[in-house]
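Reading the structure
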Amino acid sequence: MTVTIRPAEKRDVPALAELIEEIERFYGATDTDIQPLEERRSQVEEALFGAPPLASALLVEDGTGDIVGLAAYSFLWPAAGSSHSLFLKELYVRDSLRRQGTGARLMDEVRALAAARSGCSRVEWMTDRDNPGARAFYKSLGFTESEGKIVYRVDSA
């Protein structure tokens, strides 16, 4: 199947809000865990198109115009020295397109974005230790797991 990878546009907010539910379910969320659709739409619009935007996204669009994947990222500072990095928060491709090179194309596009941005020294991302599919995917692209960092997480409330 032919797909197009492009930056998210404001017109994509409804489709992205629906894809976010699919991603949440992929990670094990149940009906009671899922935010109402209008709340998701509002949060997607604020994150990607607010003033200032909190994040950016590349979208995978299939031949029928459906959004079937995304790479959500932000630039962070500082990274090495006084440079900054591109932090890939989410890479997701709908199951029907996995193992067809779409994820690898998304990673290439993310790396190209970082390379094109002056002062960006690296791309960083995480995956769960209990996600063998993601770990195998990144290994197949030649990426090695980084040792030494421990992730902390606390709710904002």
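Let us look at the structure shown here. Model, not experiment: these values are computed from the prediction.

**Things to note about helix 3 (residues 102–116)**
Relative to the 21 Å expected for 15 residues at 1.5 Å per residue, helix 3 spans 21 Å between its end C-alpha atoms, a close match to the ideal helical length. Every buried residue belonging to helix 3 is among Thr102, Gly103, Leu106, Met107, Val110 and Ala114, and all of these are buried. Along helix 3, the residues classed as buried sweep out an arc of 145 degrees about the axis, all on the same side. Projecting away from the buried face of helix 3 at angles above 90 degrees are the exposed residues Ala115 and Ala116. Looking at the buried side of helix 3, the elements it contacts are strand 1 (3–7), strand 2 (56–62), strand 3 (67–76), strand 4 (84–93), strand 5 (120–125) and helix 4 (132–140).

**Some points on unusual backbone geometry**
The peptide bond linking Ala51 to Pro52 adopts the cis configuration, its omega dihedral lying at 0 degrees. Topologically, Pro52 is positioned in the loop between helix 2 (37–49) and strand 2. With omega at -5 degrees, the peptide bond leading from Trp77 into Pro78 counts as cis. Position of Pro78 relative to the elements: it lies in the loop between strand 3 and strand 4.

**A closer look at the packing of aromatic side chains**
All chains considered together, the criterion is met by 6 aromatic pairs. Pairing Trp125 with Phe143 gives two aromatic rings, centres 5.1 Å apart and planes at 75 degrees, and the pair type is edge-to-face. Here the residue Trp125 occupies a position in strand 5, and Phe143 occupies one in the segment after helix 4, the gap between them amounting to 18 residues. For Trp125, a relative accessible area of 24% puts it in the partly exposed group. Each residue in the set Trp125, Phe137, Tyr138 and Phe143 is aromatic and connected to the rest through ring pairs, giving one cluster. Positioned above the aromatic ring of Phe75, the side-chain terminus of Arg117 is 3.9 Å from the ring centre.

The rules behind these values
Residues numbered from 1 in each chain as written. Predicted model: local features only at pLDDT ≥ 70, side-chain atom pairs only at ≥ 80, totals over all residues. Heavy atoms only, no water. Helix = DSSP H or I, 4+ residues; strand = E, 2+ residues; numbered from the N terminus. Expected span 1.5 Å × (residues − 1). Buried < 20%, exposed > 50% of the residue type's maximum accessible area, 1.4 Å probe, protein only. Arc of directions from axis to C-beta. Contact = heavy atoms within 4.5 Å. Phe/Tyr/Trp six-rings, centres within 6.5 Å; stacked < 30°, edge-to-face > 60°. Lys NZ or Arg CZ within 6 Å of the ring centre and 35° of its normal.

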